[in-house]
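The lines below spell out each chain.
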Amino acid sequence: MIVILKQNHDPKQLDELRAWLEEQNVAIQANYGVHSTVLGLIGDTAAIDSDLIEALDIVETVKRVSEPYKKANRKFHPENSVIPVGVTTVGGLDFAVMAGPCSVENREQLCEVAHAVKAGGATILRGGAFKPRTSPYAFQGMRESGIDLLLEAKKQTGLPIVTEIMDISHLDAFADVDCIQVGARNMQNFELLKELGHCNTPILLKRGLSSTIQEWLMSAEYIMAGGNENVILCERGIRTFETATRNTLDLSAVPVIKELSHLPIIIDPSHATGISRYVKPLAIAAAAIGADGIMTEVHNNPAKAMCDGPQSLTPAQFAEMMREIQAIVAVRR
Ligand code: PEP
Ligand code: MN
């Protein structure tokens, strides 16, 4: 971290700042120029609040030269992380495909979709059991019994399962889940993230609706700092001024994350667009740009879906999309 001081600063206040910084266990390298004084802070500055320093009378500006996330940072872990999810992995050479309904609705629906996505080439079955809904009057999900049905579909198809947790008090119900999803709305639920850092299950961390990439990586850091380093990032579109799609897919997050972090990143074109006909082109773009996989919603009867029908693919549309994705993945290799 670099602290640039104002000209003609009060030397007494500088002494106080130096003493305070030394208490934070960082060494100070001071450079007294004719026009400005610059303090270089050496050591672990992750816990230092740069805004607090910037607010001081004697300080002109503060610049971070190293990122506040350490465990998620590629600098300290140059190799890509490969995250095991049941019998498969995310982040390796294979392209991960998480597919399934927005919500688990009943046995017939889930099992039909599970077999269909497996046949189409999915590697992981998704399905929401605990649903974060904008309206308290909307279908809230089957909760624990939805997870039981996912486990049944897993037994039938052999596909590992991913499903969303909304509250840590539900964790026991997730004991046999292969990957726990933290939804966009909970990306900065720091108490939830801390608790998930103490479990061994891989975490799929979706990007918050209005979160920067740095905030997203800091949320990954919360989980990793607790000891759980198996984190997969999911870009699912962010809020912008655009209304033609439900959200705006930030595809540039893929190369940016690849540069900053060793964690795998997948793309969710379903929640990004909210419109099923846009899912295939963006899924293809995700494969082409170097994402480690996708998450897409598939429903056996989208018109009757209890949640997110307009963005859900039919099994036939999913199979067609997969044929094109597999062609891109073959070229990537
Ligand atoms: C979901 O995957 O079902 C979901 C609710 O996604 P998001 O958190 O990205 O809105
Ligand atoms: Mn959904």
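Residues numbered from 1 in each chain as written. Chains lettered and ligands numbered in written order. Predicted model: local features only at pLDDT ≥ 70, side-chain atom pairs only at ≥ 80, totals over all residues. Heavy atoms only, no water.

## Re the domain arrangement of the protein chain
Phase 1: Domain boundaries assigned for the protein chain yield domain 1 (2-63) and domain 2 (83-332).
Phase 2: Summarising the inter-unit geometry, the C-alpha centres of domain 1 and domain 2 are found 43 Å apart. (Domains from an automatic or database assignment.)

## Thoughts on the coordination of the manganese ion (ligand 2)
Phase 1: Taken together, the protein donors to the manganese ion (ligand 2) comprise Cys102 (SG), His271 (NE2), Glu297 (OE) and Asp308 (OD), at separations of 2.0 to 2.4 Å.
Phase 2: Ordering the donors of the manganese ion (ligand 2) by residue number gives the pattern C-x168-H-x25-E-x10-D. Of the two residues, Cys102 is situated in the loop between β7 (96-100) and α3 (107-120) and Asp308 in the loop between β14 (293-297) and α10 (315-332); the sequence distance between them amounts to 206 residues. Like Cys102, the residue Asp308 is buried in the burial classification. (Donors = N, O, S within 2.8 Å, 3.2 Å for Na, K, Ca; no water. Helix = DSSP H or I, 4+ residues; strand = E, 2+ residues; numbered from the N terminus. Buried < 20%, exposed > 50% of the residue type's maximum accessible area, 1.4 Å probe, protein only.)

## So, the state of the cysteines
Phase 1: Counted under the stated rule, the structure contains 0 disulfides.
Phase 2: Here Cys307 stays unpaired: no disulfide links it, and the sulfur of Cys102, its closest cysteine neighbor, is 3.2 Å away.
Phase 3: We classify Cys307 as buried; its relative accessible area is 6%. (Disulfide = S-S within 2.5 Å.)

## As for the sheet that holds strand β8 (residues 124-126)
Phase 1: Strand order in the closed barrel formed by 8 strands is β7-β8-β9-β10-β11-β12-β13-β14, with parallel pairing between adjacent strands. Mean inter-strand twist for the sheet, computed between neighbouring axes without regard to direction, equals 30 degrees.
Phase 2: Bridge count for strand β10 (residues 179-182) against strand β11 (residues 203-206) is 3 bridges, and the pairing is parallel. Counterpart to Gln181 in the pairing with β11 is Leu204.
Phase 3: The strands touched by helix α4 (residues 144-157) within the sheet are β8 and β9 (161-165), with β9 carrying the most contacts at an inclination of about 170 degrees. (Pairing = 2+ DSSP bridges. Axes fitted to C-alpha atoms, helices over the stretch in contact; angles between N-to-C directions. Contact = heavy atoms within 4.5 Å.)

## Topic: unusual backbone geometry
Phase 1: With a phi close to 55 degrees, Asn8 is a non-glycine residue in the positive phi region.
Phase 2: Position of Asn8 among the secondary structure elements: in the loop between β1 (2-5) and α1 (11-23).
Phase 3: In this model, Asp308 sits at a positive phi of 60 degrees, which is unusual for a non-glycine residue.
Phase 4: Since its relative accessible area comes to 17%, Asp308 is described here as buried.

## Here's the deal with the site of ligand 1
Phase 1: Neighbouring ligand 1 are the residues Arg126, Lys131, Pro132, Glu164, Gln181, Gly183, Ala184, Arg185, Lys206, Arg236, His271 and Glu297.
Phase 2: The backbone of Ala184 places a nitrogen or oxygen atom 2.7 Å from an oxygen atom of ligand 1.
Phase 3: Arg185 is positioned with one of its side-chain polar atoms (N or O) 2.9 Å from an oxygen atom of ligand 1.
Phase 4: Protein contacts shield 97% of the accessible area of ligand 1, which totals 290 Å² for the unbound molecule.
Phase 5: Looking at the shell around ligand 1 residue by residue, the class counts come to 2 nonpolar, 3 polar and 7 charged. (Near = heavy atom within 4 Å. Polar contact = N/O pair within 3.5 Å; in protein donor to acceptor, adjacent residues only side chain to side chain. Areas by Shrake-Rupley, 256 points an atom, 1.4 Å probe, with all protein chains shown as cover. Nonpolar A, V, L, I, M, F, W, Y, C, P; charged D, E, K, R; others polar.)

## Considerations on helix α9 (residues 279-289)
Phase 1: Of all the residues in α9, the buried ones are Val279, Ala283, Ile284, Ala286 and Ala287. Down the axis of α9, the sector holding all buried residues measures 155 degrees, keeping them to one side.
Phase 2: For α9, the secondary structure elements touched by its buried residues are β13 (265-267), α8 (269-273), β14 and α10. (Arc of directions from axis to C-beta.)

## A few points about the sheet that holds strand β2 (residues 27-32)
Phase 1: Taken in spatial order, the 4 strands make up an open sheet running β2-β3-β1-β4, and their pairing is antiparallel. This sheet does not close on itself; its edge strands, each paired only once, are β2 and β4 (59-63). When strand polarity is set aside, the average angle formed by the axes of neighbouring strands in this sheet is 20 degrees.
Phase 2: The strands touched by α1 are β1, β2, β3 (37-42) and β4; relative to β2, the strand with the most contacts, the crossing angle is about 150 degrees.

## Topic: the packing of aromatic side chains
Phase 1: One pass over the full model with this rule turns up 2 aromatic pairs.
Phase 2: Between Phe130 and Phe174, the aromatic rings sit 5.8 Å apart at their centres with planes inclined by 25 degrees, giving stacked as the arrangement. In this pair, Phe130 sits in the loop between β8 and α4 while Phe174 sits in the loop between β9 and β10, placing the two residues 44 residues apart along the sequence. Here Phe130 matches Phe174 in class, with each residue buried. (Phe/Tyr/Trp six-rings, centres within 6.5 Å; stacked < 30°, edge-to-face > 60°.)

## Some thoughts on the side chain of Asn228
Phase 1: Turning to its location among the elements, Asn228 is positioned in the loop between α6 (213-225) and β12 (231-235).
Phase 2: Within the local environment of Asn228, its side chain forms a polar contact with the backbone nitrogen of Asn230, the two atoms lying 3.1 Å apart.
Phase 3: Residues contacting Asn228, with those up to four places away along its chain left out, are Leu196, Gly197, Cys199, Asn200, Thr201, Ile203 and Ile223.

## Quick notes on the nonpolar core
Phase 1: Ranked by size, the top nonpolar core spans 64 residues in total, and within it Leu205, Leu233 and Phe318 carry the most contacts.
Phase 2: Broken down by element, this core gets its largest block of residues, 6 residues, from α6.
Phase 3: Apart from residues lying up to four places away in sequence, Phe318 is in contact with Val97, Ala99, Val117, Gly120, Gly121, Ala122, Thr296, Val298 and Leu313.
Phase 4: Counting residues in hydrophobic clusters, the runner-up holds 15 residues, among them Val26, Ile28, Ile53 and Val62. (Core = buried A, V, L, I, M, F, W, Y, C linked by side-chain atoms within 4.5 Å.)

## Some remarks on α6
Two residues of an α-helix separated by three or four positions point the same way, owing to the 3.6 residues in each turn.
Phase 1: Its 13 residues place the ends of α6 18 Å apart at the C-alpha level, agreeing with the 18 Å of an ideal helix rising 1.5 Å per residue.
Phase 2: Taken together, the buried positions of α6 are Ile213, Trp216, Leu217, Ser219, Ala220, Glu221, Ile223 and Met224.
Phase 3: Lining the buried residues of α6 we find α5 (190-196), β11, β12, α7 (253-260) and β13. (Expected span 1.5 Å × (residues − 1).)

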